[in-house]
Amino acid sequence: METQVSPNERGYYGSFGGAFIPEMMQANIAELQEKYEEIMNAPEFRAEFEQLLKDYVGRPTPLYKATRLSKKYNSNIYLKREDLNHTGAHKINNSLGQIILAKKLGKKKIIAETGAGQHGVATATACALMGIECVVFMGELDVDRQAPNVGRMKMLGAEVIPVSSGSKTLKDATNEAMRYWIANPFDTHYIIGSVVGPHPYPDMVAKFQSVISKEIKKQLKEETGSELPDRVIACVGGGSNATGAFYHFLEDEEVELVAAEAAGKGLDSGFTAAATFKGVSGILHGSKTLFMQTEDGQVEEPHSISAGLDYPGIGPALAHWFESGRVKYEAVTDDHAMKAGMELCKLEGIIPAVESAHALAALDNLDLKPDEIIVVNLSGRGDKDLKTYLDQLES
Amino acid sequence: MNRINKLLAEKDNILSIYFTAGYPSFDDTRTVVKSLQDNGADLIEIGVPFSDPIADGPTIQYTNTIALENGMTVENLFQQLVDVREDVEVPLIMMSSLNPILQYGFEEFCKKCKEVGVDGLIIPDLPVEEYIAEYKTIVEGYGLRNVILITPASTDDRIRLIDDNTDAFIYMVSSSAITGTNTKFASDFSAFASRLEQMKLKNPRITGFGISDKESFDKVCETSKGGIIGSAFVKALKDSKDVAKSIGDFMVQFKN
């Protein structure tokens, strides 16, 4: 099967994607479908976005050669330092892109969902910067688990609405944001935080995050003389950082692309979030994709130690790249990720987000050739995860 | 003739009631359907519970959660409906999110609907374009009617497309809202109703969302063929010890 980088006109990547939305969301989605490419491609938009990425976010983020980690694996490992972005993760790339787009569409209010709180913080930040009202939906369980990020969002002026329906986590926050959009369709833009949702969100978010792989190519060329590594590794929840890190390599077939999914307590433990291993095709959050569900089509509760990977599905493009074989999927358990995260602290003096630690752990799963060049996307910093790490240290 | 078309041909002021299968108890489906018919419902929408319904407000979401906890599944629901036509004559419509139907098998679902005597489908997250491309021939092959929603934000072109691709009634969402809420009900609705009137559609319209009692039902009957009550009805079943009696108590207001 041929690998598609972009969706077709109906929003499909292979057999995944589309826009399975109630009629009540149709007008807003149709407006986005009609206008997103034109707005994003306009020179004025690009100039504003690129300026903000440079001066406000601090891009380009470094591509750092992790010498001691490389030595351990007898290879050349480069870390793409998305953790050094303003707000501490790659999420800000998308939030800023979408907020400029929302302004061009004349929207006056922003809504967002968040799990760990990283996307919520990034969006609250973008809204503060632009002086736009911001409402963030967050599962009640996550509000408790991620108190510091709730505090940050509030300081930034956002209203945080705890969601008590369903499992009270990220998928329910997403449902609730969609419901709010249905009930308040005028003047409101919904900034989805990952490459999920109805067309055009997966493509739009992918394009905003694609700056990651664009920079990797340029930096690697300066560093090694070739813009192509042997592999790129990234973690996958919904899949936005992986999509960003893979995007400009998708057509370079000699580069192996590796996605680390959260196996949770183990693939067969009943406590997992590994969507390609455990999921089947269905309709979730407005698109056809792979997600974990019962035989009766009810969405299953995911589990991952990392709140950012604690999502039952993956974006439709990632489901397609699984289907086409372009991306190789590895399952990483909670314990394995924690160990890899701790190891990076000691070897490189970098505390990675538990999400990103899954990508580091995947290095152990691969049959590495000596001296190969590997880029690991370090999607976020681990400050938010201190409690999780410290609990691990004590146990 | 499909029971829905027959009803539409014979009657105005159609009172349609939605309930969630498996709520309040697993075994209530048949009691609810029969009691609704006996108490004057013209049309009944049987809701298939889903873990993540996007288009429903908190009241119906809650009934979905309870129904799933009670063990309701598509398979169980069809088993409960096997002999529903022995004592129920009113048209029955299955209302479900797309995913439970897909996992059951779309065609198998339609086949079972026909077998048990269900007359139509409402799948809120199946947009008309996808319906036409993938599912329309299957639905029509089993003699079912697919009811599609329109809202005040739907463009004329889109409403025409929907009108052209359905043969029963159009589900007119009264306002830009989710079920069980009724923001801006009045102002949105009258402008929308007169726009639709001018479009001279081939299908009649039945109004849903924000209708909770006799007064709001009568109001929508002035500008459409009838009204659909969902949240207000399932709310009346909450904590009910005697479902048939609760239904009688709720429906009495509609008896002239």
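Each residue is numbered by its place in its chain's sequence as written, counting from 1. To label them, take the chains in the order written and letter them from A, then take the ligands in the order written and number them from 1. Under the rules for a predicted model, residues below a pLDDT of 70 receive no local features and side-chain atom pairs below 80 are neither given nor counted, while totals for whole chains, interfaces and linings still include all residues. Heavy atoms from the whole structure form the basis of all side-chain values; hydrogens and water molecules are not counted.

Our next topic: the overall build of chain A. Numbering goes from the N terminus for both helices and strands, where a helix is a DSSP run of H or I of at least four residues and a strand is a run of E of at least two. Check the secondary structure of chain A and you find 16 helices and 14 strands. Each radius of gyration is computed over the set of C-alpha atoms, and the globule rule expresses the reference value as 2.2 Å times the number of residues to the power 0.38. Relative to a compact globule of 395 residues, whose C-alpha radius of gyration would be 21 Å, chain A shows 19 Å and is just as compact. In terms of overall dimensions, chain A has a C-alpha envelope of 55 × 45 × 45 Å along the principal axes. Relative to its 395 residues, chain A shows a buried fraction of 66%. Entry remark: accessible area of chain A is about 13900 Å², with carbon and sulfur atoms responsible for 50%. A residue counts as positive if it is Lys or Arg and as negative if it is Asp or Glu; His and the chain ends are not included. By convention, the charge on Lys lies at NZ, on Arg at CZ, on Asp at CG and on Glu at CD. Charge-centre separation for chain A: the mean point of 40 positive side chains lies 4 Å from the mean point of 55 negative side chains. Only protein chains enter the area calculation, which uses a 1.4 Å probe; residues under 20% of their type maximum are buried, those over 50% are exposed, and those in between are partly exposed. Throughout, the Shrake-Rupley method with a 1.4 Å probe supplies accessible areas, and for residues the shown protein chains are the sole cover considered.

All names here are of chain A. For two strands to pair, DSSP has to find at least two bridges joining them. The sheet built from four strands is open, its strands ordered E7-E6-E5-E8 with parallel pairing. Pairing within the sheet leaves two strands with one partner each, and these edge strands are strand E7 (159–163) and strand E8 (188–191). Between one strand axis and the next, the sheet turns by 25° as a mean value, whatever way the strands run. With four bridges joining them, strand E5 (residues 109–114) and E8 adopt parallel strand pairing. Among the inter-strand pairings, isoleucine 110 is bridged to a residue of E8, identified as histidine 189. Contacts were defined at the residue level, with two residues in contact if any of their heavy atoms lie within 4.5 Å. Comment: axis = line fitted to C-alpha atoms, over the contacting stretch for helices; angle = value between 0 and 180 degrees taken between N-to-C directions. The strands that helix H8 (residues 170–183) touches are E5, strand E6 (133–139), E7 and E8; relative to E5, the one it contacts most, it runs at about 160°.

This paragraph deals with the packing of helix H14 (residues 334–348) of chain A against helix H16 (residues 386–394) of chain A. All names here are of chain A. Where H14 meets H16, the closest approach of the two axes is 11 Å, and the angle between their N-to-C directions is 95°. Classified by the interaxial angle, the pair formed by H14 and H16 is roughly perpendicular. Within the contact between the two elements, H14 uses Met338, Gly341 and Met342 and H16 uses Thr388, Tyr389, Gln392 and Leu393. Gly is placed with the polar residues, together with every amino acid not listed as nonpolar (Ala, Val, Leu, Ile, Met, Phe, Trp, Tyr, Cys and Pro) or charged (Asp, Glu, Lys and Arg). Looking at side-chain class alone, the contact of H14 with H16 contains four nonpolar, three polar and no charged residues. Any angle that falls under 35 degrees is termed roughly parallel, while one over 145 is termed roughly antiparallel, one within 65 to 115 roughly perpendicular, and all others oblique.

For salt bridges, the criterion is a side-chain nitrogen of Lys or Arg within 4 Å of an Asp or Glu carboxyl oxygen. Counted under the stated rule, the structure contains 48 salt bridges over all chains. A salt bridge links B:Lys6 to B:Glu10; the nearest nitrogen and oxygen atoms lie 3.5 Å apart. Residue B:Lys6 and its partner B:Glu10 are both found in helix H1 (residues 3–10); the two are separated by four residues, about one turn of the helix. Taking the shortest distance from any N to any O, the salt bridge between B:Glu222 and B:Lys219 comes out at 3.8 Å. With relative accessibility at 61%, the residue B:Glu222 sits in the exposed group. The partly exposed category is assigned to B:Lys219, whose relative accessible area is 46%. When salt bridges with common partners are traced through the structure, they connect A:Glu44, A:Glu48, A:Lys103 and A:Lys104 into a single cluster.

Residues and elements named next belong to chain B. Here nine strands make up an open sheet; going across it, the order is E5-E4-E3-E2-E1-E9-E8-E7-E6 and the pairing parallel. Two strands close off the open sheet at either side, each with one partner strand: strand E5 (145–147) and strand E6 (149–150). Direction of pairing for strand E8 (residues 205–208) relative to strand E9 (residues 226–229): parallel, over a ladder of two bridges. Looking across to E9, one finds that threonine 207 is bridged to glycine 227. Relative to the sheet, helix H2 (residues 29–38) contacts strand E1 (14–20), strand E2 (43–47) and strand E3 (92–95), its axis offset from that of E1 by approximately 165°. In this fold helix H10 (residues 214–221) packs onto E1, E8 and E9, with an angle of close to 145° to the strand it touches most, E9.

For the rest of this paragraph, the subject is the packing of aromatic side chains. Aromatic pairing here means that ring centres of Phe, Tyr or Trp (its six-membered ring) are within 6.5 Å. Orientation follows from the plane angle: under 30 degrees is stacked, over 60 is edge-to-face, and everything else is tilted. Applying the stated criterion across every chain yields a total of 17 aromatic pairs over all chains. Ring centres 6.3 Å apart and planes at 80° place the aromatic pair B:Tyr23 and B:Tyr62 in the edge-to-face group. Of this pair, B:Tyr23 sits in the loop between E1 and H2 while B:Tyr62 sits in helix H3 (residues 58–69), and the two are 39 residues apart along the sequence. A ring pair is formed by B:Phe250 and B:Phe254, whose centres lie 6.1 Å apart and whose planes are at 55°; its orientation type is tilted. In terms of burial, B:Phe250 and B:Phe254 fall into one category: buried. One aromatic cluster is present, formed by B:Phe217, B:Phe233, B:Phe250 and B:Phe254 through successive ring pairs. Both a distance and an angle decide whether a charge sits over a ring: NZ of Lys or CZ of Arg must be within 6 Å of the ring centre and within 35 degrees of the ring normal. A:Lys265 extends its terminal NZ or CZ atom over the ring of A:Phe271, reaching a point 4.9 Å from the ring centre. Over the face of the ring belonging to B:Tyr62 we find B:Lys238, whose NZ or CZ atom lies 5.1 Å from the ring centre.

With that settled, the discussion passes to a nonpolar patch on the surface. Note on patches: the residues involved have over 30% relative accessible area and no salt bridge, like charges join within 9 Å, and the nonpolar side chains Val, Leu, Ile, Met, Phe, Trp and Tyr join within 5 Å. A cluster of nonpolar side chains, namely A:Ile351, A:Leu386, A:Leu390 and A:Leu393, defines an oily patch on the protein surface of about 360 Å² accessible area. Relative to the helices and strands, A:Leu386 resides in helix H16.

At the interface, 36 residues of chain A touch 40 residues of chain B. Sorting the residues of chain A by area buried against chain B places A:Glu23, A:Met24 and A:Arg179 first, and these three jointly supply 24% of that buried surface. In this assembly, chain A and chain B are joined by three salt bridges. For the salt bridge of B:Arg158 with A:Glu23, the shortest nitrogen-to-oxygen distance reads 2.8 Å. Contacts described as polar in this section are N or O atom pairs within 3.5 Å, which, within protein, must combine one atom able to donate a hydrogen with one able to accept it, while residues neighboring in sequence count only if both atoms come from side chains. Taken together, chain A and chain B are joined by 19 residue pairs in polar contact (both at pLDDT 80 or more). Element by element, the count of residues in the side of chain A that touches chain B is highest for H8(A), at eight residues. For the side of chain A that touches chain B, a count of residues per class yields 16 nonpolar, eleven polar and nine charged. In this description, buried area is defined as the sum, over both parts, of the accessible area (probe of 1.4 Å) that is lost when the two are combined.

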